[in-house]
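Okay, here's what each chain looks like letter by letter:
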Amino acid sequence: MRPVLVILVGFALVTLLLGWTRWLSDRRWAAAGNLALGLGAAGLTAWLWPLGLHLETYEPHRPGQSVADLFLEQTGSNQFRASLTRFPSGRMQVFELAGTQWRIEARTLAWTGRAAEFGIAPSHRLETLSSRVVGTAAGVDSIHTSFLLAEERGADLWTQAQRGPIWDRALEAGLAASPWQPMANGARFELRIGPAGLEANPLNAAAAASLATVR
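Quick caveat: nothing in here was measured; it's all calculated off a predicted structure.

K.L.:
An account of the overall build of the protein chain is needed here, citing residue identities and associated values.
P.N.:
Counting its regular elements, the protein chain contains five helices and 11 strands. Buried residues in the protein chain amount to 40% of all 215 residues. Counting contacts in the protein chain only where the partners sit at least 6 residues apart, residues at least 24 apart contribute 58% of the total.

K.L.:
Pulling in residues and values, what's your account of the side chain of Glu190?
P.N.:
You can see Glu190 is positioned in strand E10 (residues 188-194). What makes Glu190 buried here is its relative accessible area of 15%. Separated by 2.8 Å, the side chains of Glu190 and Arg192 make a polar contact. Sequence-distant contacts of Glu190, that is, excluding residues within four places in its chain, are made with Ser66, Ala68, Glu199, Ala200, Asn201 and Leu203.

K.L.:
Please give an account of the environment of Leu109 that cites residues and values.
P.N.:
Inspection of the secondary structure puts Leu109 in strand E5 (residues 101-111). Looking at Leu109, the relative accessible area reads 1%, which means it is buried. Measuring from C-alpha to C-alpha, the distance between Leu109 and Leu171 comes to 6.8 Å, with 62 residues separating the pair along the chain. Sequence-distant contacts of Leu109, that is, excluding residues within four places in its chain, are made with Leu55, Tyr58, Pro122, Ser123, Trp158, Leu171, Glu172 and Ala173.

K.L.:
Explain unusual backbone geometry residue by residue, including any values.
P.N.:
Cis geometry is adopted by the peptide bond preceding Pro88, which originates at Phe87 and carries an omega value of 5°. The topology assignment puts Pro88 in the loop between strand E3 (79-86) and strand E4 (92-98).

K.L.:
Now, about the sheet that holds strand E11 (residues 197-202): what can you tell me, with residues and values included?
P.N.:
A sheet is described by the order of its strands in space; here five strands give the open sequence E4-E3-E2-E10-E11, paired in antiparallel fashion. At either margin of the open sheet sits one strand with a lone partner, and together these are E4 and E11. Ignoring which end each strand starts from, the neighbouring axes of this sheet average 25° apart. In terms of strand pairing, E10 meets E11 through six bridges, oriented antiparallel. Bridged to Gly194 within E11 is Gly197. Along the sheet, helix H5 (residues 205-212) makes contact with E10 and E11, crossing E10 at roughly 75°.

K.L.:
Quick rundown of the environment of Ala200? Include the residues and the values.
P.N.:
Mapped onto the fold, Ala200 is located in strand E11. On a C-alpha basis, the gap between Ala200 and Ile104 in space is 9.1 Å, while along the polypeptide they are 96 residues apart. Setting aside residues no more than four positions away along its own chain, Ala200 makes contact with Trp102, Ser178, Gln181, Phe189, Glu190 and Leu191.

Cut-offs applied
- Residues numbered from 1 in each chain as written.
- Predicted model: local features only at pLDDT ≥ 70, side-chain atom pairs only at ≥ 80, totals over all residues.
- Heavy atoms only, no water.
- Helix = DSSP H or I, 4+ residues; strand = E, 2+ residues; numbered from the N terminus.
- Buried < 20%, exposed > 50% of the residue type's maximum accessible area, 1.4 Å probe, protein only.
- Contact = heavy atoms within 4.5 Å.
- Polar contact = N/O pair within 3.5 Å; in protein donor to acceptor, adjacent residues only side chain to side chain.
- Pairing = 2+ DSSP bridges.
- Axes fitted to C-alpha atoms, helices over the stretch in contact; angles between N-to-C directions.

Right, here's the structure in full:
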């Protein structure tokens, strides 16, 4: 979206300069038209720029496309090191988790109606990675660790789309969460955004074996 905003800024500057030259040439009506057009483009840019910064924190995805990979290494009793690799950027982050299960939540944005006709792909943003201990002494599961995975920039378009009617016909904002998954040493999972939300699929024998213990 940033290239579009840069073009808008350039258009606004050129239009305002053209209006100024026409004013100096005593072409007042033409100058007024250029001034109105330039101010309108500048105002639109000022409104869209924070939204564009926010959209840059999201990654586009296609149906069935892998969005991340999670690898677990046990470092102690109910202690694990989680390596999260995001696709397609390849960015890796390492977290220390405490507990017996993990889960990842993501925000999703899908353009609808006329906005979808421009071919804008749906996008996602991994939001949190959490872990918990199942079956505590009190009989209630407790979350032991939770990490923010996203960086906030600009105006929060996702929250606006959920609360404000202005986006109802153009944008759907959703929340996708993987099911709570058991943590096991050497387990590797692939994360995909599917119809049911964020899916965690086992990629090796350790991951498949850990899932078999809860079925």
